[in-house]
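Given next are the chains, with one letter for each unit.
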Amino acid sequence: MTDTSEDRAITLDASEDPALRRDDFLIPPAVGGAFPLTSYLAGNSLGLQPRATRAELMADLDAWEQYGVHGHIDADRPWFPYHEDLREPAARLVGALPHEVVIMNSLTVNLHLLLATFYRPTAIRHRIVIEDRCFSSDSYAVRSHVAFRGYDPDTAVLRLRPRDGEDVLRTEDVLRTLQEHAHSIATVMIGGVNYLSGEVMDMPAITEAGHAIGATVGWDLAHAAGNIPLRLHDWDVDFAAWCSYKYLNSGPGAVAGAFVHERHLADSNAPRLEGWWSTDPMSRFRMEPESDPQASADAWSLSNPPILAMGPVRTSLDIFDEVGMDALRARSLRLTAYLRELLESMAQRAGITIVTPADDQRHGAQLSVRVPVDAEDLTQRLSDNWGVVADDRRPDIVRLAPAPLYCTFHDCWRAADALSQELTGEGI
Ligand SMILES: *Cc1c(COP(=O)(O)O)cnc(C)c1O
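Computed from a predicted structure; not experimentally measured.

1. A closer look at the overall build of the protein chain
Across its full length, the protein chain carries 14 helices and 15 strands. Here the C-alpha radius of gyration of the protein chain, 22 Å, is about what a compact globule of 428 residues would show, namely 22 Å. Structurally, the protein chain occupies a C-alpha span of about 70 × 60 × 30 Å along its principal axes. For the protein chain, the proportion of its 428 residues judged to be buried stands at 55%. When the accessible surface of the protein chain is split by element, carbon and sulfur atoms take 52% of a total near 18,100 Å². In the protein chain, which carries 38 positive and 63 negative side-chain charges, the distance between the mean positions of the two groups comes to 4 Å.

2. Thoughts on the pairing of strand 8 (residues 216-220)
Of all the five residues making up strand 8, five are buried; the element is thus mostly covered by neighbouring parts of the structure. Covered by surrounding structure in strand 8 are Thr-216, Gly-218 and Asp-220 together with Val-217 and Trp-219, the residues of both alternating faces. Crossover connection from strand 7 (residues 185-191) via helix 9 (residues 203-212) to parallel strand 8: handedness right-handed. As paired elements, strand 8 and strand 9 (residues 239-242) share three bridges and run parallel to each other. Paired with Gly-218 across the bridge in strand 9 is Phe-239.

3. Overview of the packing of aromatic side chains
Scanning the entire structure with this criterion turns up 10 aromatic pairs. On the basis of an interplanar angle of 10 degrees and a centroid distance of 6.5 Å, the ring pair of Phe-118 and Trp-300 is categorised as stacked. Here Phe-118 is found in helix 5 (residues 107-118), whereas its partner Trp-300 is found in the loop between helix 10 (262-265) and helix 11 (307-323), with 182 residues between them in sequence. Take Phe-118: its relative accessible area is 1%, and that puts it in the buried class. A centroid spacing of 4.8 Å and a plane angle of 70 degrees characterise the contact between Trp-276 and Trp-277, whose relative ring orientation is edge-to-face. The exposure class assigned to Trp-276 is partly exposed, which follows from its relative accessible area of 34%. What makes Trp-277 buried here is its relative accessible area of 3%. Following the ring pairs from residue to residue traces out a cluster consisting of Phe-80, Trp-276, Trp-277 and Phe-285.

4. Topic: the environment of Gly-68
Among the structural elements, Gly-68 can be located in the loop between helix 2 (53-67) and helix 3 (71-74). Exposure remark for Gly-68: the relative accessible area of 27% places this residue in the partly exposed category. When the C-alpha atoms of Gly-68 and Ala-147 are compared, they prove to be 44 Å apart, with 79 residues separating the residues in sequence.

5. Things to note about unusual backbone geometry
Cis geometry is adopted by the peptide bond preceding Pro-395, which originates at Arg-394 and carries an omega value of 5 degrees. Tracing the chain through its elements places Pro-395 in the loop between strand 14 (391-393) and strand 15 (397-400). For Asp-236, which is not glycine, the phi torsion reads 65 degrees and is therefore positive. Along the chain, the position of Asp-236 falls in the loop between strand 8 and strand 9. Its identity is not glycine, yet Met-287 carries a phi of approximately 55 degrees, on the positive side.

6. Looking at the site of the ligand
Around the ligand, the structure places Leu-107, Thr-108, Phe-135, Ser-137, Asp-138, Asp-220, Ala-222, His-223, Tyr-245 and Lys-246. Contacts to the ligand include Thr-108, whose side-chain N or O atom sits 2.6 Å from an oxygen atom. Asp-220 places a polar side-chain atom, nitrogen or oxygen, 3.3 Å from a nitrogen atom of the ligand. Expressed as a share of its isolated accessible area of 390 Å², the protein-covered part of the ligand is 84%. Those elements that provide at least two residues to the shell around the ligand are helix 5 and helix 6 (136-148). Broken down by class, the residue content of the shell around the ligand amounts to four nonpolar, three polar and three charged.

7. Points about the nonpolar core
Formed by 92 residues in total, the largest nonpolar core has its most connected members in Val-188, Trp-219, Leu-221, Leu-343, Leu-400 and Tyr-406. Counting residues per element, this core draws most heavily on helix 12 (residues 325-350), which supplies 10 residues. Built from parts of two domains, this core gets at least three residues from each of domain 1 (6-49 + 325-424) and domain 2 (57-323). Discounting chain neighbours no more than four positions away, the residues touching Leu-343 are Ile-352, Ile-354, Leu-367, Val-369, Leu-400, Ala-416 and Leu-419. Judged by nonpolar contacts, the second largest core, of 28 residues, contains Leu-114, Leu-115, Ala-258 and Ala-297.

8. Notes on the sheet that holds strand 11 (residues 353-354)
Read from one edge to the other, the open sheet built from four strands follows the order 11-12-15-14, with strand pairing classed as antiparallel. Only two strands of the sheet have a single partner each, and these edge strands are strand 11 and strand 14. Examined bridge by bridge, strand 11 and strand 12 (residues 367-370) share two bridges and lie antiparallel to one another. Looking at the pairing, Thr-353 lines up with Arg-370 of strand 12. Strand contacts of helix 12: strand 11, strand 12 and strand 15, with the helix running at about 15 degrees to strand 12, the strand carrying the most contacts.

Cut-off values and rules
Each residue is numbered by its place in its chain's sequence as written, counting from 1. Where totals are concerned, whole chains, interfaces and linings use all residues; where local detail is concerned, this predicted model gives features only for residues with pLDDT of at least 70, and gives and counts side-chain atom pairs only at 80 or more. Side-chain descriptors were evaluated using all non-hydrogen atoms of the structure, hydrogens and water having been removed beforehand. Each helix is a run of DSSP H or I of at least 4 residues and each strand a run of E of at least 2, with the numbering of both proceeding from the N terminus. We compute the radius of gyration over the C-alpha atoms and compare it with the globule rule, which gives 2.2 Å times the number of residues raised to the power 0.38. The buried label applies to any residue whose accessible area, calculated with a 1.4 Å probe on protein chains only, is under 20% of its type's maximum; exposed applies above 50%, and partly exposed to all values in between. For accessible areas, the Shrake-Rupley method is used with a probe of radius 1.4 Å. Any residue's cover is judged against the shown protein chains and nothing else. In this count, Lys and Arg are taken as positive residues and Asp and Glu as negative ones, while His and the chain termini are left out. Where a charge sits is defined by one atom per residue type, namely NZ (Lys), CZ (Arg), CG (Asp) or CD (Glu). Seen with the strands pointing away from the viewer, any crossover whose path from the first strand over the helix to the second strand runs clockwise is right-handed. Whether two strands pair comes down to DSSP finding at least two bridges between them. Two rings from Phe, Tyr or Trp (for Trp, the six-membered ring) form a pair when their centres are within 6.5 Å of each other. A pair whose planes differ by under 30 degrees is stacked, one over 60 is edge-to-face, and the rest are tilted. Summary of the distance rule: residues count as near a molecule or strand when at least one heavy atom falls within 4 Å of that molecule or strand. Polar contact is defined as a pair of N or O atoms within 3.5 Å, subject to the rule that within protein one atom must be able to donate a hydrogen and the other to accept it, and that residues adjacent in sequence are counted only when both atoms are side-chain atoms. Any residue outside Ala, Val, Leu, Ile, Met, Phe, Trp, Tyr, Cys, Pro, Asp, Glu, Lys and Arg is labelled polar, Gly included; the first ten of those are nonpolar and the last four are charged. What is meant by a nonpolar core is a set of buried Ala, Val, Leu, Ile, Met, Phe, Trp, Tyr and Cys residues, joined one to another through side-chain atoms within 4.5 Å. For each domain, the first and last residues come from an automatic or database assignment. What makes two residues a contact is simply this: any of their non-hydrogen atoms within 4.5 Å. Angular values range over 0 to 180 degrees, each being the angle between N-to-C directions of two axes fitted as lines to C-alpha atoms, with helices fitted over their stretch in contact.

In short, shape yes, function no, at least from these values alone.
Below, the structure is given as structure tokens:
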């Protein structure tokens, strides 16, 4: 029998865990329920604000006030090389070499810039593989990109579908699809963690299989960065991009990240869209007509970075650096296992099923729950009546993500209890 008592959650929270940095975050107040703060399980959609972010932003405003244009060089954190300081912590987060990573733009923009380089269609080989239930933006990005290059998105975009009656992809099926279309696939671009199901893809195996058929392989890490350990360099991934506002807590629309494998950095034949930030910073202000990029992911950046938006990324990366992905993942697995246990104990009564795979290799911090009622309406009631913030995907999926930096076992208990209250009329 599962111990579903509130006391157990409180006991689990009582043991020290250096990966819990709750005091470093601002937890929104609850509108409803018995507790003053929300049980915030929507960090996979928009992560919470670190306490240090405000001061970081103010410091950049102060520098602008004090130095004007001289802030590029004279500010305490000079703006000209600002993004270079983010390179190493970002690289540690995704398992990359520092010069393989750049913080720039937003996620979908970065996908397009990387596709400009890594999707090199020919008459025979012009397909892009994507998961059918991918985030809409990724589908629009590849479809429009394919059309932009003069191919038909309806035939050129190959969508990976789960088997009938199943919710998640099987690696063997992905590999088989790659085999079956080996000669027509130019690029594989999939979410490392699926936004809807929470499934973690077998990134090393799929990357290897993509390369074996002669395709380039990129990963959308929107739901993976800051959630699961990544080894992009070792996995030999060609390119990747992620946003910084989900698990990375850098604020709505935060500046995103991009990865280009070292193998490609010095390839002067690779097509690329460039701007003045692509060129070697040492010669940038010579304003030459032709660029002179360094062998670095910076060569993919176009514009001078939005400094006022970079501070929050720095604050966030500092926290991840202090905690480390291994400790964070260990806590994440404990929290998610506990939440799963609670949900399973009530699954039959409440008519719910957990869509996210149970195997630790195949999930991150998110559990996607299929509910027997309208998901949007239920999610609203979880918030209004219980102060539990979840995220819905219509018609019937509620996503619960106990982000390990700031969520507690008690938050998980509150979420399960609230779900039980709403679906069965009694607590867990
Ligand atoms: C969140 C998310 C996006 C959002 O794209 P933006 O360019 O950041 O607005 C795109 N793709 C995936 C897979 C996501 O999870």
